[in-house]
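Summary of structural features
Listed here are the chains, written in short residue letters.
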Amino acid sequence: MMGLYPTAARSGLMSCHACHLLSPIPPLSSEGEAICPRCEAPLHLRKPNSISRTWALLIAAYILYIPANLLPVMTVISFGKGEADTILSGVKELIHAGMMPIALLVFFASITVPVLKLLALTYLLLSVQYKSQWRPRERTMLYRMTEVVGRWSMIDIFMISILIALVKLDAVATIEPGAGAISFAAVVILTMFAAMSFDPRLIWDSIEEKT
């Protein structure tokens, strides 16, 4: 049944990665490449080196995810004494303080979402490399969801920034960001770039090759 619905490439159409305009394949420019008629960005049937770039960014995110959870994300200094907190210890402190909704929000945004995003991108990459034909529509939807929810992983970094701004107003205590916060921010940024580098149209290529 998939053969009844040809892709844009088979129909002689190209989608711009910059402005998402779907248009007939234009003639090559003097530099030997197709140019988007609306925004003049270079056009490609598939994102160049999509799989290798996504793997590189994803592996880097996996590596940085370890210090992001082991190193302190912030240090509270009160009356000359400092106490460092990791993401998990911060969640525990929020629970002990009776702020269960905030604790759940931080745990979901800082632990659950990054792990699920890493696993989802890994699964999508492996399915493309092994030319899987299982549920392409659902896999495309999984990619769209991964791309959308990834930015919400930064919510605890925003909370740290707000806390620093508030507590700096008081001379009694200060809050300083730790190496864990930097590593975690790097993980979020890398996974966002990995999602942007992945080309979901590759999911449908193996199905079109069969037809």
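Before reading on, note that the structure itself is shown above.
Read on for a plain summary of the structure. In this text the structure is predicted, and so the values were computed from the model without any measurement.

**A look at the overall build of the chain**
- When you go through the chain residue by residue, the secondary structure sums to 7 helices and 5 strands.
- When the helices and strands of the chain are placed in sequence order, the string is β-β-α-β-β-α-α-α-α-β-α-α.
- In the chain, which comprises 211 residues, the share counted as buried stands at 36%.
- In the chain, once contacts between residues fewer than 6 apart in sequence are set aside, the share between residues at least 24 apart is 66%.
- Within the structure as shown, the chain displays about 12500 Å² of accessible surface, and the carbon and sulfur contribution to it stands at 69%.

**Remarks on helix H4 (residues 136–149)**
- For H4, built from 14 residues, the straight-helix expectation of 20 Å at 1.5 Å per residue is met to within 8% by its first-to-last C-alpha distance of 20 Å.
- All of the buried residues in H4 are Pro136, Arg139, Thr140, Tyr143 and Thr146. With its buried residues spanning 120° around the axis, H4 presents them on a single face. Among the exposed residues of H4, those oriented more than 90 degrees off its buried face are Arg137 and Met145.

**A word on the pattern of salt bridges**
- The final tally for this structure, using the stated rule, is 3 salt bridges.
- Ionic pairing is found between arginine 135 and glutamate 138, a salt bridge with its closest N-O pair at 3.6 Å.
- For aspartate 199, the salt bridge identified is with arginine 201, shortest N-O distance 3.0 Å.
- Of the residues examined, arginine 201 reaches a relative accessible area of 23% and is grouped as partly exposed.

**Quick look at helix H2 (residues 87–96)**
- For H2, the set of buried residues is Ile87, Gly90, Val91 and Leu94. Buried residues of H2, seen end-on, are gathered within an arc of 100° and therefore sit on one face of the element. Every exposed residue of H2 that faces more than 90 degrees away from the buried side is listed here: Lys92 and His96.
- Once H2 finishes, glycine 98 follows within two positions and takes phi at roughly 85°, a positive value.

**Structural notes on the packing of helix H1 (residues 50–70) against helix H3 (residues 100–129)**
- Packing of H1 against H3 brings their axes to within 11 Å, and their N-to-C directions diverge by 155°. On the basis of their axis angle, the class for H1 and H3 is roughly antiparallel. For the crossing formed where H1 meets H3, the hand is left-handed. The segment H1 lies against H3, with Ile51, Thr54, Trp55, Leu58, Ala61, Tyr62, Tyr65 and Asn69 engaging Ser110, Ile111, Pro114, Val115, Leu118, Leu119, Leu121, Thr122, Leu125, Leu126, Val128 and Gln129.
- In terms of residue class, the contact of H1 with H3 is made up of 15 nonpolar, 5 polar and no charged.

**What to know about the environment of threonine 86**
- Mapped onto the elements, threonine 86 comes out in the loop between strand S4 (81–85) and H2.
- Taking the C-alpha atoms as reference points, threonine 86 and glycine 178, 92 residues apart in sequence, are found 8.8 Å from one another.
- Ignoring any residue separated from it by four or fewer positions in sequence, one finds threonine 86 in contact with Asn69, Leu70, Leu71, Pro72 and Val73.

Calculation notes
Residues numbered from 1 in each chain as written. Predicted model: local features only at pLDDT ≥ 70, side-chain atom pairs only at ≥ 80, totals over all residues. Heavy atoms only, no water. Helix = DSSP H or I, 4+ residues; strand = E, 2+ residues; numbered from the N terminus. Buried < 20%, exposed > 50% of the residue type's maximum accessible area, 1.4 Å probe, protein only. Contact = heavy atoms within 4.5 Å. Areas by Shrake-Rupley, 256 points an atom, 1.4 Å probe, with all protein chains shown as cover. Expected span 1.5 Å × (residues − 1). Arc of directions from axis to C-beta. Salt bridge = Lys/Arg side-chain N within 4 Å of Asp/Glu carboxyl O. Axes fitted to C-alpha atoms, helices over the stretch in contact; angles between N-to-C directions. Parallel < 35°, antiparallel > 145°, perpendicular 65-115°, else oblique. Left-handed = near helix turned anticlockwise from the far one by under 90°. Nonpolar A, V, L, I, M, F, W, Y, C, P; charged D, E, K, R; others polar.

Function cannot be inferred from these measures alone, as they are strictly geometric.
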